[in-house]
Amino acid sequence: MGCKRKAQPTRMQQVADPHIAALATAEKRALPLAVLSAVCLAMPLFYPLAFPLAWIGLVPLLITLQNQRWQIAFIASVFFGFVFHGLANYWLVPTIANLAPFADSTRQAMSVWAVIAFLALLVWQSLFSALFGMSVWWVGQKCGNKCFAFSVGSCWLLTEWLRSLGTFGYPWALLASTQVAFLPIVQIAAWVGSFGLSGVIALINALLFQWWRERKSIFLLLALIILTLICLLGWLEIRRVEKQASLLPHLKVAVVQGNFGMERWRPDVTFEELREILKTHLSLSEQAVKREAKLIVWSETALPWRLRDNGVWGYGASELFDFVKRHEVVLFVGAGEWREGKSYNACFVFATEGKLSGEEVAHKIRLVPFGEYLPGRERFPWLEKILPHAPVETAPGQKRSETVLRVDNKVVKPAIVVCFESLFPFHIRHLVGNPLTSTHIANLIVIITNDSWFGNTLAPYHHARIAVLRAVEMRRAVVRGAGTGISLIVSPTGRVVQASRWDDRCVLIATVPLMGKSSGYQIWGDLPFVILALLVLALTWRRR
């Protein structure tokens, strides 16, 4: 029998085969490259000195997004989102599971809900990663090298900004927050905000990607020039702000970290335990007074009860009034307030001027969805029967505090921020005040928070580092009181003057400037840069 002769490939097949092989290789690398990007960008959140990784961390993902098939780009960007946000939010699972005693549920049930909440968060956050990935894929297909780097920076800025909006807005682990250990580059946040800084870092990544892909040194040179100029201008800006601050009035402030954890919220907590909480905080405050502090900050819910109920002061108020009168200091105290049938997460300001008015208490405005309240509860009442929730829902504050104090013969206008609110740059801008629309402009930022729920995980450390960005954006000193850590006192340049350890009972003391001059970001906010990013993408569309 004769052998069949093997058919020879046509010329078209010979040309197509290498392309198919290259495509198959690229598809196999897509998920590993997406994971590599996620790890590189998450690493500085855990180890801030690894901040240079963020300058190159997007490059592997950008390589994947140049695939000819949009399906591969979509899957890779979603996978990137799952890994990155999974690393940044892993602490959510034990945090929710540990809430069982406070949510009238079992540990097993809360563990299940913890996993469900974690997966839901990953899906939600990964949608924005997918939006970024598909936008960059489209840009790469349409414009090639032209405007590519600026388009990538614009896409990242827009997706970070979008995921901070609305009821479920959650600007955790912004690209800008990877740079808090390197203050020169952080200084541009005073002009472009955190979203703008994130966009610039993404732009640098895109230029390095183009250098890798095109083997043209011009892209590497542009990336190095931008980095060098930002660092040089940042260093000069630090010197300028420090010189300006040295000419302004200064105030000695203190943070009292009482170090009482979740156990103070137990249903069976005794009055003796509550009295010990008050006694300990007053004792630590006495230490601050001896070191000549004039403004003392306690943490969010430092006193875990209603300090005022429909205008009637509760247990501990008389001791607090007596303390500030004896020592002629100002005391910021986190506690609950009940008013007209609603429960508020409040920060009371005790001062020597006398009895407090409603204007001298700040209610938390931006609440944690599913933590402090159930979104859509009025429209969908059945949610309350299904989802675990706090016994009493917290009501949002309706307006920012415009407290004005005279402390040590200095005028102090504090912007009072409660916990979750500190994540939102535009919300802090609202609390401090826009000089174009408001006559009351704060000259100090006071952040109170209770991070004991998180345990010794990434969350309390990253949450604290965000205060560095808020200080630079607003050019205001930040005094941050956290119940179990991490408490901070930060200068207007973002320099951490004092910091506590986790799970430590201590007092922090520092002298800070009272800066009243507005930063660029405080004046114009995010909108100009959002519009600029949209214009860049519109020009890209026209060039297709």
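Here goes a summary of the coordinates provided. These numbers come from a predicted model, not from an experiment.

Another aspect to go through is a nonpolar patch on the surface. Where nonpolar side chains cluster on the molecular surface, the patch consists of I218, L221, L222, I225, L229, L232, L233, W235 and L236 and spans about 840 Å² of accessible area. Mapping L236 onto the fold places it in helix α10 (residues 217-246).

Following the sequence through the fold, N205 ends up in helix α9 (residues 189-214). At 3.1 Å, the side chain of N205 and the backbone oxygen of W55 are in polar contact. In contact with N205, other than residues within four places in its own chain, are A54, W55, I56, G57, L58, V59 and L62.

Of all the residues in helix α12 (residues 317-327), the buried ones are A317, L320, F323, V324 and H327. Mapping the buried residues of α12 onto a view down its axis gives an arc of 125°, with all of them on the same face. Among the exposed residues of α12, those pointing more than 90 degrees away from its buried face are S318 and K325. For α12, the secondary structure elements touched by its buried residues are α11 (271-290), β2 (295-297), β3 (306-309), β4 (312-313), β5 (330-339) and β6 (342-350). Just past α12, the residue E328 takes up positive phi, approximately 55°.

To continue, consider the nonpolar core. If you look at the biggest cluster of nonpolar residues, it comprises 88 residues, and the most contacted ones within it are F132 and W172. Ranked by residue count, the leading element in this core is α9, at 13 residues. Once residues within four sequence positions are removed from consideration, W172 is found in contact with A88, N89, W91, R163, L423, A459, H462, H463 and I466. Core analysis: the second largest hydrophobic core is formed by 32 residues, I296, W298, W305 and F323 among them.

Thresholds, definitions, all that
Residues numbered from 1 in each chain as written. Predicted model: local features only at pLDDT ≥ 70, side-chain atom pairs only at ≥ 80, totals over all residues. Heavy atoms only, no water. Patch = residues over 30% accessible without salt bridge, like charges linked within 9 Å, V, L, I, M, F, W, Y side chains within 5 Å. Areas by Shrake-Rupley, 256 points an atom, 1.4 Å probe, with all protein chains shown as cover. Salt bridge = Lys/Arg side-chain N within 4 Å of Asp/Glu carboxyl O. Helix = DSSP H or I, 4+ residues; strand = E, 2+ residues; numbered from the N terminus. Polar contact = N/O pair within 3.5 Å; in protein donor to acceptor, adjacent residues only side chain to side chain. Contact = heavy atoms within 4.5 Å. Buried < 20%, exposed > 50% of the residue type's maximum accessible area, 1.4 Å probe, protein only. Arc of directions from axis to C-beta. Core = buried A, V, L, I, M, F, W, Y, C linked by side-chain atoms within 4.5 Å.

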